[in-house]
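# Geometric and topological summary
Residue-level listing of the chains:
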Amino acid sequence: MPKSIYVGNIAFSTSEDDIRNLFSQFGEVNSVKFISDRETGRFRGFGFVEMDDNAAREAVQALNGKEVGGRALKVNEAQERESRPPRHY
């Protein structure tokens, strides 16, 4: 079953392919998605990687705190997003 992994503190110079290559050392990467700001479209410095369960567990243990692009990655199992009330402008 695929598991979603949160990857934070990503250097702005890092690409989705860089993250895919890093995580693929631990197993097949199903997807990599960087999160962009809704208003500006700029990369927000975090994203999600989807992998199979066992590979995800290994990747989290091995890559949490690993320095990539001069920044220590924060890697952990993604949590379900809490529902928030709709925004009113």
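From a predicted model like this one, the values you see are computed outputs, not experimental measurements.

Here we come to helix H2 (residues 53-63). The periodicity of an α-helix, 3.6 residues per turn, causes residues three or four positions apart to be oriented the same way. Three or more residues of H2 are buried, namely Ala55, Ala56, Ala59, Val60 and Leu63. Buried residues in H2, looked at end-on, bunch into an arc of 135°, giving them a common side. Facing away from the buried side of H2, by more than 90 degrees, are the exposed residues Asn54 and Gln61. Contact partners of the buried residues in H2: strand S1 (2-8), helix H1 (16-23), strand S3 (43-52) and strand S6 (74-77). Looking one or two places after H2, you find Gly65, whose phi comes out positive at around 90°.

It is worth spelling out H1 at this point. When H1 is considered as a whole, its buried residues turn out to be Ile19, Leu22 and Phe23. Angular distribution of buried residues about the axis of H1 spans 90°; they occupy a single face of the element. Among the structural elements, S1, strand S2 (29-36), S3, H2, strand S4 (67-68) and S6 are those in contact with the buried residues of H1.

With that settled, the discussion passes to a positive patch on the surface. Positive charge collects at one region of the surface, where Arg38, Arg44, Arg81, Arg84 and Arg87 lie side by side. Structurally, Arg44 can be placed in strand S3.

According to the stated counting rule, one finds 5 aromatic pairs in the structure shown. Consider the rings of Tyr6 and Phe46, whose centres lie 5.8 Å apart with planes at 35°: the pair is tilted. Within this pair, whereas Tyr6 is found in strand S1, its partner Phe46 is found in strand S3, the two being separated by 40 residues in sequence. The partly exposed category is assigned to Tyr6, whose relative accessible area is 25%. Overall, the relative accessible area of 18% leaves Phe46 in the buried class. Between the aromatic rings of Phe34 and Phe43, the centroid separation amounts to 4.5 Å while the plane-to-plane angle is 20°, which identifies the pairing as stacked. The exposure classification of Phe34 matches that of Phe43, with both residues buried.

Residues Ile5, Val7, Phe23, Val49, Met51 and Val75 are the most contacted members of the largest nonpolar core, which totals 21 residues. Of the residues forming this core, the biggest block, 5 residues, is contributed by H2. When near neighbours in sequence (up to four residues on either side) are disregarded, Val7 contacts Phe23, Gly45, Phe46, Gly47, Val49, Leu73, Lys74 and Val75.

Take the pairing of S2 next. Consecutive side chains along a regular strand alternate between the two faces of the sheet. Of the strand pairs in this sheet, S2 and S3 are connected by 6 bridges, and their pairing is antiparallel. Within S3, the residue paired with Phe34 across the bridge is Gly47. Counting the residues in the hairpin turn of S2 and S3 gives 6 residues, including Gly41, whose phi is positive at 80°.

Rules of the game
- Residues numbered from 1 in each chain as written.
- Predicted model: local features only at pLDDT ≥ 70, side-chain atom pairs only at ≥ 80, totals over all residues.
- Heavy atoms only, no water.
- Buried < 20%, exposed > 50% of the residue type's maximum accessible area, 1.4 Å probe, protein only.
- Helix = DSSP H or I, 4+ residues; strand = E, 2+ residues; numbered from the N terminus.
- Arc of directions from axis to C-beta.
- Contact = heavy atoms within 4.5 Å.
- Patch = residues over 30% accessible without salt bridge, like charges linked within 9 Å, V, L, I, M, F, W, Y side chains within 5 Å.
- Areas by Shrake-Rupley, 256 points an atom, 1.4 Å probe, with all protein chains shown as cover.
- Salt bridge = Lys/Arg side-chain N within 4 Å of Asp/Glu carboxyl O.
- Lys, Arg positive; Asp, Glu negative; His and termini not counted.
- Charge placed at Lys NZ, Arg CZ, Asp CG, Glu CD.
- Phe/Tyr/Trp six-rings, centres within 6.5 Å; stacked < 30°, edge-to-face > 60°.
- Core = buried A, V, L, I, M, F, W, Y, C linked by side-chain atoms within 4.5 Å.
- Pairing = 2+ DSSP bridges.

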